[in-house]
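Architecture and fold: a report
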Amino acid sequence: MRLIKAMGSQDTILATVETQGFCFIDHNVLDLDIKKLRHWFADYFGPHANESKYKDVAVFAMDELSENRLVKDLLKKIVTLTDLTSANGFYLDKIWLVHSLPRDEPSDSLPYVPHFDKHRYVKVMIYLDDVSLSDGPFHSLSFAPIKNEEKRLNLSKNYKYNGENTVKDISVDDFIPCVGCSGSIVIFDTNCPHFAGSINGEGHRRVLRFDFDNRMFHSRARNVFSRIRSILGQSIQHDKRIRKNIHQ
Ligand SMILES: [Fe+2]
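Residues numbered from 1 in each chain as written. Predicted model: local features only at pLDDT ≥ 70, side-chain atom pairs only at ≥ 80, totals over all residues.

Here's the deal with the overall build of the protein chain
When helices and strands are tallied, the protein chain shows seven helices and 10 strands. By the burial criterion, 29% of the 248 residues in the protein chain qualify as buried. Long-range pairs, those at least 24 residues apart, make up 86% of the contacts in the protein chain with a sequence separation of at least 6. (Helix = DSSP H or I, 4+ residues; strand = E, 2+ residues; numbered from the N terminus. Buried ≥ 20, exposed ≤ 12 C-beta atoms within 10 Å, placed from the backbone. Contact = placed C-beta atoms within 7 Å.)

See below:
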């Protein structure tokens, strides 16, 4: 690997994402056939973009593309590179096809300002175009995701309106723009502060994004369920003991 920003040379990608929030490889490390991917993107983006609530995005649940040969092969390569495996608790939740163009929206709102997400994922983004500063590169901070976990779990219902997930105390100059050629990959934990760069002039970017969920990201719910299970378990054991005593 030629360049991996915010990554120690000895660390795996997953270890780097755990400690520093993101990992960026600024070249076609997966040896992807970019031309073929762009054709596939065009076939799937157009018909589905209108169904999405975001005008520049086509969203697919995993089961919609699970038999798609190109996606299967690509996913295999991503998992091998990143270790986002089921053994590590990860499972693919959805795939986004994003085609971003310059827009009139103000760039002082989400997703153009530093923030972290309410729903935690490890996201893998593959650039299908060369992305320069004018093409709205993804920006990330080097930041341990665990530091935002408590904050994320405590976000209120109106967190967006209240700006609870925006990051105001860190300068945008501290964020690293992920600028690279087509085939470049960003792997990042959404607990890590990040933002989308604004697209200027003729700029644009097509991105394939894979959202990996992990059961550990739902620890609070998991804890509640395990408590319920434990209480139910105790009560079943208690019932068994009582029945045993009755039969004796
Ligand atoms: Fe975000």
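Notes on the sheet that holds strand S6 (residues 138-140)
Sheet strands pair via backbone hydrogen bonds, and the direction of the pair is either parallel or antiparallel. Strand order in this open sheet of three strands is S7-S6-S9, and the pairing throughout is antiparallel. Each edge of the open sheet carries a strand with a single partner, namely strand S7 (176-177) and strand S9 (194-196). Where S6 lies against S9, three bridges are found, and the strand directions are antiparallel. Following the sheet pairing, His139 is matched in S9 by Phe195. (Pairing = 2+ DSSP bridges.)

What to know about the nonpolar core
Of all hydrophobic cores here, the largest spans 40 residues; its most connected members are Phe22, Ile126, Val186 and Ile187. Dropping the residues within four chain positions of it, Ile187 is found in contact with Ile13, Val17, Phe22, Cys23, Thr82, Val122 and Val124. (Core = buried A, V, L, I, M, F, W, Y, C linked by C-beta atoms within 7 Å.)

A look at the environment of Leu208
If you trace the backbone, Leu208 turns up in strand S10 (residues 205-214). With near-sequence residues (within four places) excluded, Leu208 lies in contact with Phe41, Leu97, Ile126 and Leu128.

Regarding the pairing of strand S8 (residues 185-189)
Most of S8 sits out of view: five of its five residues are buried. Alternating residues of S8 divide into Ile185, Ile187 and Asp189 and Val186 and Phe188, and every residue in both groups is buried. The pairing of strand S2 (residues 22-25) with S8 spans four bridges and is classified as antiparallel. Bridging across to S8, Phe24 finds its partner in Val186. Bridge count between strand S5 (residues 122-127) and S8: five bridges; the pairing is antiparallel. Residue pairing for S8: Val124 is matched across the bridge by Ile187.

A look at unusual backbone geometry
Residue Leu110 is joined to Pro111 through a cis peptide bond whose omega torsion reads 0 degrees. Topologically, Pro111 is positioned in the loop between strand S4 (90-100) and S5. Of note in the backbone geometry, Asp31 takes a positive phi value of approximately 55 degrees without being a glycine. Following the sequence through the fold, Asp31 ends up in the loop between S2 and helix H2 (34-49). Of note in this structure, Asp83 is not a glycine but carries a positive phi near 70 degrees. Here Asp83 shows up in the loop between helix H4 (69-82) and S4. Among the residues examined, Asp83 registers 14 C-beta atoms within 10 Å and is labelled partly exposed.

Some points on helix H1 (residues 13-20)
Turning to H1, its buried residues number three or more, namely Ile13, Thr16, Val17 and Gln20. Buried residues of H1, seen end-on, are gathered within an arc of 100 degrees and therefore sit on one face of the element. As for H1, its buried residues are in contact with S2, H4, S5 and S8. (Arc of directions from axis to C-beta.)

A word on the confidence of the model for the protein chain
The predicted model of the protein chain averages 85 in pLDDT, with 82% of residues at 70 or higher. Taken element by element, the protein chain is modelled with least confidence in helix H7 (residues 219-247), mean pLDDT 48, and with most confidence in S5, mean pLDDT 98. A low-confidence stretch, residues 222-227 (pLDDT under 50), is modelled with one contact involving residues beyond four sequence positions or located in other chains. Predicted confidence for residues 236-248 stays below pLDDT 50, and this span has zero contacts to residues more than four positions away or in other chains. (pLDDT = per-residue confidence, 0-100.)

Considering the environment of Leu133
Tracing the sequence through the fold places Leu133 in the loop between S5 and S6. Sequence separation of Leu133 and Gly180 is 47 residues, and the distance between their C-alpha atoms is 9.4 Å. Residues in contact with Leu133, not counting those within four places in the same chain, are Pro177, Val179 and Gly197.

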